[in-house]
Amino acid sequence: MSLTKAQMVTLFTNLVRAEHFGKMMYRRMMQGKLIGFYHPADGAIAPGVAACSFLNQDDPLWPHHRGHGITHMLSKGIDIKYYLAEHTGKSTGCCNGHSGFHYGFPEHHVHLHSGFIGANFMPTVGYAWAAKQRGKGQVVMNCSGDGSYGEGRAHEGMLMAAVWKLPEVFMCENNGYSIFSTFEEMHPTEDIATMAQGLDIPAVVVDGQDVFAVAEVAIAAIDRARKGQGPSFIEAKCLRFKEHDIGNRDLRGYKPREDEEYQEMQKRDPVVLATERVLADKVLSQDEIDGIHEAAANEVADAEQFADDSEIARPTIEEMEAMVFAP
Amino acid sequence: MRELTYINAIREAIQQEMRADETVFMVGQDIRGGVYPHTKDLVDEFGEDRIVDTPLAETGMFGTAYGAALEGFRPIVDFMFGSCAFVNFNETSIMAGQQYFMHGAKHPLPLVMTAAVGMGKRIGNDHAMFIHSTFCRQPGIKVAMASTPYDAKGMFAQAIRDNNPVMIPWHTGVMQKREHVPEEPYYIPLGVADVKREGSDVTVLANSEQLYNALELAEELAGEISVEVIDPRSFVPFDLDTVLKSLAKTNRIVIVDEDWESCGMASTISARIVEHGFDLLDAPIRRVCLPNIPIPGGYMEDYTRPTKEKIEAAIRDVCA
């Protein structure tokens, strides 16, 4: 299948927005203007944009841990300023300042985050079970990295999705690293996709630097799930330009990554590749591309302004105790 | 007067709540066939989409309930045995328990967890162990255990209607207890203790099979020592007021808990009594708990658990 011009514009726009938000998060973390920690997604934003740009509002989503899901959420239509406010401890945050780096947008069917890698497989199997029971054509998008597939939960989640033919898409963003350890060291086969194939889940491997390539397979997988034909697995091979989390050294195994690796990676920057493509295909002009960058920069600036202008959440202990249980 | 066994009282609560609300469903391992009778034949009425058997994968099984609860369902998870709820402790306690608060206290997570617990059947550490104290330490989870068939029905029905994760295990030692249980639905609020027998010399706090030990003792000691027996019924929230009210009368208390002694519910209750009712005490608090040793699988089990003899010794000690 081929993408329409409108779809390509959407993908390119969200990719640029993700790029601007990612750079802002990195900068703010370095400036001490974010609470907790941040795991940059730089270099690996294409799979999330592709996976989430064509979801419906009522499609449950587990955004990837890397990049703290910003790429995924903004592509799904969630206003990131409320997450940025949360990440700065403000009462206007999406979790009312309770969480720091967790997100919760139940109105968009993004219910939670967890610091545990591999935690994604458990709620999502329940989302998908619920979606199947409701029968309204909802699709669950479950995004996580190669490291998460080391968890037993990955097997259980895929097993149940396969057994029950659940409407779920497993988007595996394989950037070749789990923290510092390389994929080759920690996984016995060339592709994680074989795990899904072993459970009879249709699986594809795709170039994760190419947002349009990932989108083509993601749209097909979403469509398949929406028609009640069961789960799919996508392995997007992507690149991690930055360290695992800000403040740590960037290692390959237990030694610093080589300069050549960084230089080689930069040639496959997803925004550079997408820009070349939209220009070559005459989907967008350079002026239009510049306009998209400017709008993204403004959106980020507005989000920062909103977060910075908001009040720090300051409930009393009694008020906090009263919020442990739902009425 | 119609009578039901405890286990069938649970079954009736589940059945009536499932009839009343189509978002209620149950997930477990071989609950269609019914390893224990509380789910027996429910699949015939509600079908396999509402009495759901999963692969033997506790984490995925719980995940099914957890995710579905966030998407608007009201699941009941049956762990079969309590300790199976520790296989996925991250999901049960950290993710489910803390979900509501951590994500802004705006989206409820209605979810019931149940399982068989209890010593007396010589089934060893992994099948007999108690879990209520461990779950009581996890913020955001309500924890309750019914001791009688009447309470079992009302408390299970209430747990299913609660908008929070509720851990409500049941003790194999009481599953065949039988008494009058009304046919129409009724609801017992979680967080309300019940004075099962009034007395004036000493308060004994006991639950599940130990409640029956305490009641038998109270009967045997009547005339010599007047024993007030309270079933806490719910551990989180815990009804401290009823305990303090009793202490104002008896000034002595023995707390019986079949869970381990260390950092157990009996320790927490003792600490709260000291903090809030120290002046009411005429004698030190005594606890009768499971010593901190693994629950043996053989006859050694009998030597470890609280018994009538141990409770009587504690009563005589505080009344001396």
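Analysis parameters
- Position numbers for residues count from 1 along each chain, tracking the sequence in the order it is written.
- Chains and ligands are labelled by the order in which they are written, letters from A for the one and numbers from 1 for the other.
- Note on the predicted model: pLDDT of at least 70 is required for a residue's local features to be given, and 80 or more for side-chain atom pairs to be given and counted; whole-chain, interface and lining totals, by contrast, use all residues.
- In DSSP terms, a helix is any run of H or I states spanning at least four residues, a strand is any run of E spanning at least two, and both are numbered starting from the N terminus.
- Throughout, the radius of gyration refers to the C-alpha atoms, and the reference size of a globule is 2.2 Å times the residue count to the power 0.38.
- Three exposure classes are used. Buried residues have 20 or more other C-beta atoms within 10 Å of their own C-beta, exposed residues have 12 or fewer, and partly exposed residues fall in between, all C-beta atoms being placed from the backbone.
- By definition, residue pairs are in contact when their C-beta atoms, positioned from the backbone, come within 7 Å.
- For every residue, the predictor states its confidence as a pLDDT score lying anywhere from 0 to 100.
- Linking buried Ala, Val, Leu, Ile, Met, Phe, Trp, Tyr and Cys residues through C-beta atoms within 7 Å yields a set, and such a set is a nonpolar core.
- Note that the domain bounds reflect an automated or database-derived domain assignment.
- Two strands form a pair only when DSSP identifies at least two bridges running between them.
- Here the axes come from fitting lines to C-alpha atoms, over the contacting stretch only for helices, and the angles between their N-to-C directions go from 0 to 180 degrees.
- Just so you know the grouping, Ala, Val, Leu, Ile, Met, Phe, Trp, Tyr, Cys and Pro go in nonpolar, Asp, Glu, Lys and Arg go in charged, and all remaining residues, Gly too, go in polar.
- What sets the label is the angle itself: under 35 degrees gives roughly parallel, over 145 gives roughly antiparallel, 65 to 115 gives roughly perpendicular, and the rest give oblique.
- Two helices that cross are described as forming a left-handed crossing if the nearer one is turned anticlockwise from the farther one by less than a right angle, and a right-handed crossing if clockwise.

Enquirer: So what about the overall build of chain A? Which residues, and what values?
Expert: Counting its secondary structure elements, chain A contains 13 helices and nine strands. Scaling as 2.2 N^0.38, a compact globule of 327 residues should have a C-alpha radius of gyration of about 20 Å, and chain A matches this with 19 Å. Projected onto its principal axes, the C-alpha positions of chain A cover 50 × 50 × 45 Å. When burial is assessed residue by residue, chain A has 53% of its 327 residues classed as buried.

Enquirer: How would you sum up the overall build of chain B? Please name residues and give values.
Expert: Along its length, chain B carries twelve helices and 15 strands. Rg of the C-alpha trace for chain B: 19 Å, near the compact-globule value of 20 Å for 320 residues, within the 12% margin. With the C-alpha coordinates of chain B rotated into their principal frame, the extents come out at 60 × 45 × 40 Å. The long-range share in chain B, meaning contacts at least 24 apart out of those at least 6 apart in sequence, stands at 79%.

Enquirer: Describe in detail the confidence of the model for chain B, supporting the description with residues and values.
Expert: Averaged over all residues, the pLDDT of chain B equals 97, while 100% of them reach at least 70. Here the prediction assigns the complex a pTM of 0.97, and the interface score ipTM is 0.96.

Enquirer: Lay out the nonpolar core with the relevant residues and their values.
Expert: Soluble globular proteins tend to pack their nonpolar side chains together in the buried interior. Of all hydrophobic cores here, the largest spans 200 residues; its most connected members are Leu15(A), Ile234(A), Val204(B) and Val254(B). Top contributing element to this core by residue count: helix 1 (residues 5-31) of chain A, with ten residues. Residue assignment places this core across two domains, with domain 1 (3-180) and domain 2 (194-319) of chain B each supplying three or more. Among all residues touching Val204(B), those that are not within four sequence positions of it are Ala214(B), Val227(B), Val229(B), Val254(B), Val256(B), Ile311(B) and Ile315(B).

Enquirer: Summarise the interface of chain B and chain A; cite the residues concerned and give the values.
Expert: Quoted interface sizes are often the accessible area lost when the parts come together. Each side of the interface is counted separately: chain B has 34 residues, and chain A has 35 residues. Among the elements of the structure, helix 3 (58-70) and helix 4 (89-102) of chain B are those that each provide at least two residues to the side of chain B that touches chain A. If you tally residues by element for the side of chain B that touches chain A, the top one is helix 3 of chain B, at ten residues.

Enquirer: Give a detailed account of the sheet that holds strand 3 (residues 168-174) of chain A, specifying residues and quantitative values.
Expert: Residues and elements named next belong to chain A. Strand order across the open sheet formed by five strands is 1-2-3-7-6, with parallel pairing between neighbours. Edge positions in the sheet fall to strand 1 (61-62) and strand 6 (203-207), since each has one partner strand and no second. Pairing geometry for strand 1 and strand 2 (residues 140-145), over two bridges, is parallel. Bridge assignment links Leu61 to a residue of strand 2, and that residue is Met141. Docked against the sheet, helix 5 (residues 121-134) engages strand 1, strand 2 and strand 3, running at close to 165 degrees with respect to strand 2.

Enquirer: Go over the domain arrangement of chain B, please, and point to the residues and values.
Expert: Residues and elements named next belong to chain B. As far as domains go, chain B holds domain 1 (3-180) and domain 2 (194-319). A separation of 26 Å is found between the C-alpha centroids of domain 1 and domain 2. Listed as interface residues are 25 residues of domain 1 and, on the opposing side, 23 residues of domain 2. Of all the secondary structure elements, the ones that give two or more residues to the side of domain 1 that touches domain 2 are helix 5 (124-128), helix 6 (132-136), strand 6 (142-144) and helix 7 (149-161). Taken together, the residues that form the side of domain 1 that touches domain 2 break down as 13 nonpolar, nine polar and three charged.

Enquirer: Break down the packing of helix 1 of chain A against helix 11 (residues 270-280) of chain A for me, with residues and values.
Expert: All names here are of chain A. The N-to-C vectors of helix 1 and helix 11 enclose an angle of 150 degrees; their axes lie 10 Å apart at closest approach. With respect to helix 11, the axis of helix 1 lies roughly antiparallel. As helix 1 runs across helix 11, the sense of the crossing is left-handed. Taking contact as the criterion, the partners of Met8, Phe12, Leu15, Val16 and Glu19 in helix 1 are, on helix 11, Pro270, Val271, Ala274 and Val278.

Enquirer: I'd like to hear about the sheet that holds strand 14 (residues 253-260) of chain B, residue by residue, with values.
Expert: Backbone hydrogen bonds are what pair the strands of a sheet, in a parallel or an antiparallel way. Residues and elements named next belong to chain B. The strand order 10-12-11-14-15 describes an open sheet built from five strands, whose pairing is mixed. This sheet does not close on itself; its edge strands, each paired only once, are strand 10 (194-197) and strand 15 (286-290). Neighbour-to-neighbour, the strand axes of the sheet open up by a mean angle of 25 degrees, direction not taken into account. Inspection of the sheet shows strand 11 (residues 202-205) paired to strand 14 by three bridges, in the parallel sense. Each residue of the ladder has a partner; that of Thr203, found in strand 14, is Ile253. Packing of helix 8 (residues 209-221) onto the sheet brings it into contact with strand 10, strand 11, strand 12 (227-231) and strand 14, and relative to strand 12 it is tilted by some 165 degrees. On the sheet, helix 10 (residues 265-277) packs against strand 11, strand 14 and strand 15 and is oriented at approximately 150 degrees with respect to strand 14.

Enquirer: An account of the environment of Gly104(A) is requested, with residue identities and associated values reported.
Expert: By the secondary structure assignment, Gly104(A) is in the loop between helix 4 (81-87) and helix 5. Linking Gly104(A) and Gly93(A), residues eleven residues apart in sequence, is a C-alpha distance of 9.4 Å.

Enquirer: Go over the environment of Glu91(B), please, and point to the residues and values.
Expert: Among the structural elements, Glu91(B) can be located in helix 4. For the pair Glu91(B) and Met26(B), spaced 65 residues apart in sequence, the C-alpha to C-alpha distance is 17 Å. With sequence-adjacent residues up to four places away left out, Glu91(B) is seen in contact with Met122(A), Thr59(B), Phe62(B), Gly63(B), Tyr66(B) and Ala96(B).

Enquirer: Describe the packing of helix 1 of chain A against helix 12 (residues 286-309) of chain A, with residues and values.
Expert: All names here are of chain A. Packing of helix 1 against helix 12 leaves a shortest axis separation of 9 Å and a crossing angle of 45 degrees. Accordingly, the angle class assigned to the pair helix 1 and helix 12 is oblique. Like other packed secondary-structure pairs, helix 1 and helix 12 cross with a definite hand, here right-handed. Contacts between helix 1 and helix 12 involve Phe12, Thr13, Val16, Arg17, His20, Phe21 and Met24 on the former and, on the latter, Ile292, His293, Ala296, Ala297, Glu299, Val300 and Glu304. Residue composition of the contact of helix 1 with helix 12, grouped by class: eight nonpolar, three polar and three charged.

Enquirer: Provide a residue-level description of the pairing of strand 7 (residues 232-237) of chain A, including the pertinent values.
Expert: It is a general feature of regular strands that their side chains alternate between the two faces of the sheet. Residues and elements named next belong to chain A. Judged by how many residues are buried, strand 7 sits mostly within the fold: six of six residues are covered. The two faces of strand 7 match: Ser232, Ile234 and Ala236 on one face and Phe233, Glu235 and Lys237 on the other face are all buried. Relative to strand 7, strand 3 runs parallel, the two being bridged by six bridges. Residue Met171 lies in a different strand from strand 7, and its bridge partner there is Ile234. As paired strands, strand 6 and strand 7 are joined by five bridges and run parallel to one another. Looking across to strand 7, one finds that Val204 is bridged to Ile234.

Enquirer: Can you explain unusual backbone geometry? Please cite residues and give values.
Expert: Note on backbone geometry: most residues besides glycine have negative phi, and most peptide bonds are trans. Residue and element names in this part refer to chain B. Cis rather than trans, the peptide bond between Val236 and Pro237 has omega equal to -5 degrees. Structurally, the position occupied by Pro237 is in the loop between strand 13 (234-236) and helix 9 (240-250). We note that Cys263 has phi near 55 degrees; this positive angle belongs to a residue other than glycine. Here Cys263 lies in the loop between strand 14 and helix 10.

Enquirer: Give a description of the environment of Val202(B) that names residues and reports values.
Expert: Residue and element names in this part refer to chain B. Secondary-structure assignment places Val202 in strand 11. In this structure Val202 comes out as buried when scored by C-beta crowding, with 27 C-beta atoms within 10 Å. Apart from residues no more than four positions distant in its own chain, Val202 is found in contact with Ile225, Val227, Thr250, Arg252, Ile253, Val254, Ile315, Val318 and Cys319.

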